[in-house]
Amino acid sequence: MTVYGNFPGSRPRRLRTTPAMRRMVAETRLDPANLILPAFVREGITAPVDISAMPGVQQHTLDTLRKAAVDAVSAGVSGIMLFGVPADEKKDARGTAGTDPDGILQVGLRAVREEVGDDLVVMSDLCLDEYTDHGHCGVLTADGRVDNDATLERYAEMAQVQADAGAHVVGPSGMMDGQVGVVRDALDQTGHEDVSILAYTAKYSSAFYGPFREAVGSSLKGDRKTYQQDPANARESLRELALDLDEGADMVMVKPAGPYLDILAKVADSVDVPVAAYQISGEYAMIEAAAEKGWIDRDAAIMESLTGIRRAGAQMILTYWATEVAERLRRS
């Protein structure tokens, strides 16, 4: 063998020689505590309903929601984010089921708190889209535009009823200007000073939301491009970030996660509050579909995708694989 002096003088492969070596020098680690489970609770069903576009994910009854919460606690998952799916006949133009103390989300929140208490951080999606007959995230004007300030009044009501129902954290996700400030004021004025706000700071108008619309029974026609962020923009997310922090956000989030790792990294580098990312339905569905075809290694792809999100700066990851991955991490 010809030897060329010291070449190569540096051999990074020495730190990749065995699984134990790779584990020891790993720069990024996933832990069950990093994970939050999104869950759907549907009104009027007696058995869970499979979501066809999201294999392995279901719309829960109250009983199966309770079990999912218990399983998440047992696996070491930190939180659960609840989405309500009301009966179609209860949807209306103002989304009144979303502010009904006996609406499905509020009932679900109470059920989970009764089951697991403070052992799981119980979070609630604070948005009107599941409850409106038009499917938009707010109140509409006569000409069909989303009325930002009228919607804020509805968000203030939602914050109160969700906190009353037991939410530890509310997640205003509608991308209305001023939503964090209005929600913070509503919580503080109703004796819920300890309820935290997870701001959906950078929520992009994404093609990857498709399966989610089945999951929540969305009535949306059209799109949400007038209020969700344009995928072409990056600096805009930092402006949204500054506004949310100024209005009192306790935590901030980037959604979707995988297609926006650059935004996630920018946000994480800019703040001293906890940062979350939401691995959304389309990201989940792509991996499950490719794995079902035998095109990729499912488990490896799941772990790689989550590690990438964590590496980009997310301390918390909302993922539909939360309980499964947490159990796998605890066994490893």
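Up top you'll find the structure we're talking about.
Residues numbered from 1 in each chain as written. Predicted model: local features only at pLDDT ≥ 70, side-chain atom pairs only at ≥ 80, totals over all residues. Heavy atoms only, no water.

(A) Quick look at a nonpolar patch on the surface. On the surface, a cluster of nonpolar side chains totalling about 290 Å² of accessible area is made up of Leu15, Met24 and Val25. Structurally, the position occupied by Met24 is in helix α1 (residues 19-25). (Patch = residues over 30% accessible without salt bridge, like charges linked within 9 Å, V, L, I, M, F, W, Y side chains within 5 Å. Areas by Shrake-Rupley, 256 points an atom, 1.4 Å probe, with all protein chains shown as cover. Salt bridge = Lys/Arg side-chain N within 4 Å of Asp/Glu carboxyl O. Helix = DSSP H or I, 4+ residues; strand = E, 2+ residues; numbered from the N terminus.)

(B) Examining the nonpolar core more closely. The biggest cluster of nonpolar side chains holds 99 residues, and the ones touching the most others in it are Phe40, Ile80, Tyr155 and Tyr278. Leave out the neighbours within four places in its chain, and Tyr155 touches Leu126, Cys127, Leu128, Cys137, Gly174, Met176, Gln179 and Val183. (Core = buried A, V, L, I, M, F, W, Y, C linked by side-chain atoms within 4.5 Å. Buried < 20%, exposed > 50% of the residue type's maximum accessible area, 1.4 Å probe, protein only. Contact = heavy atoms within 4.5 Å.)

(C) Local environment of the environment of Ala249. You can see Ala249 is positioned in the loop between α7 (235-247) and β8 (251-255). The sequence separation of Ala249 and Leu140 amounts to 109 residues, and the corresponding C-alpha distance is 26 Å. What Ala249 contacts, discounting residues up to four positions off in sequence, is Val180, Ile197, Ala199 and Asp244.

(D) Examining the packing of aromatic side chains more closely. Taken as a whole, this structure holds 6 aromatic pairs when the rule is applied. With a centroid separation of 5.5 Å and an interplanar angle of 35°, the aromatic rings of Phe40 and Phe83 are classed as tilted. Note that Phe40 is positioned in strand β1 (residues 35-42) and Phe83 in strand β4 (residues 79-85), a separation of 43 residues in sequence. Here Phe40 and Phe83 have matching classes, each one buried. When the centroid spacing of 5.8 Å and the interplanar angle of 75° are considered together, the rings of Tyr284 and Tyr320 count as edge-to-face. In this pair, Tyr284 is assigned in helix α9 (residues 281-292) and Tyr320 in the loop between β10 (316-318) and α11 (322-331), connecting sequence segments 36 residues apart. Considered together, Tyr284 and Tyr320 belong to a single accessibility category, that of buried residues. (Phe/Tyr/Trp six-rings, centres within 6.5 Å; stacked < 30°, edge-to-face > 60°.)

(E) Main features of the pairing of β8. Counted residue by residue, β8 has 5 buried out of 5 residues, so it is predominantly covered. Neither face of β8 is left uncovered, since the one carrying Met251, Met253 and Lys255 and the one carrying Val252 and Val254 both have all their residues buried. In this sheet, β8 lies alongside strand β7 (residues 196-203) in parallel orientation, the contact comprising 5 bridges. Its bridge partner lying in β8, Lys203 is registered against Lys255. Two elements, β8 and strand β9 (residues 275-278), share 3 bridges in a ladder whose sense is parallel. Of the residues in β9, the one forming a bridge with Val254 is Ala277. (Pairing = 2+ DSSP bridges.)

(F) How the structure looks around α11. Three or more residues of α11 are buried, namely Ala322, Thr323, Val325, Ala326, Arg328 and Leu329. Buried-residue contacts for α11 involve β1, α2 (62-75) and α10 (298-311).

Read these as geometric descriptors, not functional statements.
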